[in-house]
Amino acid sequence: MTGRPAFWVWLLGVVAGLLLINTTLVPQARVFTIGTMIALCVLVPVLLAAFWLFTRVRPLRAAPIGYSWMALAWGGLAAFGVAFLANTAFSSLLTKATSPLFADRWADAIVAPLDEETAKLAGVALIALIAPWVMSGALAGFGYGAIVGLGFQIVEDFLYVFNTIIATGGIQQSGDTVQSLFARLVYSAWWSHWAMTAVAGAGLGYAIARTDRTLAARVTVAVSAWILAMLMHAWWDSPLLSDSTFAKGIPLLVVAIVVFIVARHLDRRSIAYGDAQRLSHTWGKVE
């Protein structure tokens, strides 16, 4: 694994993200200790449960656990770090290119889908480059994409907790933390980053594994899935239907479920599940 350049790209991204979080979120966590403890007690079990589920989305074999943890680390550290910096820079450019009023309403829907979905999908691509054998089809890409998105989503939840506490003056840590977590978990977790990156990852997994298809067809599927993920993100972040969270979110969940069903159907018919080899839960060991 260390002989592959993609591993060092992954490692550099994770370390850079870790350093960024250490200079941004960690100082806030030290100040808002009550909010941090509440958030940890809620988000860590959610993270572990969702991680376990996403490693087992494939019907015939679970994802190798080592590469799944690598995907989670990329989403929570590297992709989050890239987005943290890129969102600010792109939003500033958009404000200068348009107007403060337009940017205030539409920046999230324009900026975040492009840089966040690209940064997250890069994690799936790196896993495929580090260990090509684990990307056995669309469903494998769906699973790794969901795990990358999960990591991003959990770290972003901490950011929102701290932002909520700061917005109210930092005097109601417990109430603000519970309020933020309730909004993030009940009203958005079901169709948030995991769903968007899972859709993009499914397209990439298909493109990598289905060598029986033409290159043009595979690239078209991968790019279309990436664009669909960005459109899902743009829809969620747009000011449209801002008072109806479920009306905005349920269609995103439906899209993710449909892509999952299609991916599972394609994988069951593909040669990826036709061989007798089976990946174990180790670092890609074939048994």
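Right, let's walk through the structure included here. (Residues numbered from 1 in each chain as written. Predicted model: local features only at pLDDT ≥ 70, side-chain atom pairs only at ≥ 80, totals over all residues. Heavy atoms only, no water.)

**A closer look at the environment of Ala140**
Considering the arrangement of structural elements, one finds Ala140 in helix H5 (residues 138-167). You can call Ala140 buried: its relative accessible area is 1%. With 71 residues separating them in the primary sequence, Ala140 and Thr211 have C-alpha atoms 15 Å apart. Sequence-distant contacts of Ala140, defined by excluding residues within four places in its chain, comprise Arg58, Val134, Met135 and Asp267. (Helix = DSSP H or I, 4+ residues; strand = E, 2+ residues; numbered from the N terminus. Buried < 20%, exposed > 50% of the residue type's maximum accessible area, 1.4 Å probe, protein only. Contact = heavy atoms within 4.5 Å.)

**Remarks on the nonpolar core**
Core analysis: the largest hydrophobic core is formed by 71 residues, its most contacted members being Trp10, Phe54, Tyr67, Trp74, Tyr144 and Leu150. Discounting residues that sit within four places of it in the chain, Phe54 has contacts with Gly143, Ala146, Ile147, Leu150 and Trp194. (Core = buried A, V, L, I, M, F, W, Y, C linked by side-chain atoms within 4.5 Å.)

**Details of the pattern of salt bridges**
Within the structure shown, the criterion is met by five salt bridges. Across the salt bridge formed by Glu117 and Lys120, the nearest N and O atoms sit 2.8 Å from each other. Here the residue Glu117 and the residue Lys120 both occupy positions in helix H4 (residues 100-130), the gap between them amounting to three residues, near one helical turn. You can call Lys120 buried: its relative accessible area is 0%. One salt bridge in this structure joins Glu156 and Arg184, with 2.6 Å as the shortest N-O distance. Placement of Glu156 in helix H5 and of Arg184 in helix H6 (residues 173-186) is noted, with a sequence separation of 28 residues between them. Of the two residues, Glu156 and Arg184, both sit in the buried class. Three or more residues are tied together by salt bridges with common partners; here these are Glu156, Asp157 and Arg184. (Salt bridge = Lys/Arg side-chain N within 4 Å of Asp/Glu carboxyl O.)

Coordinates in, geometry out; function isn't part of it.
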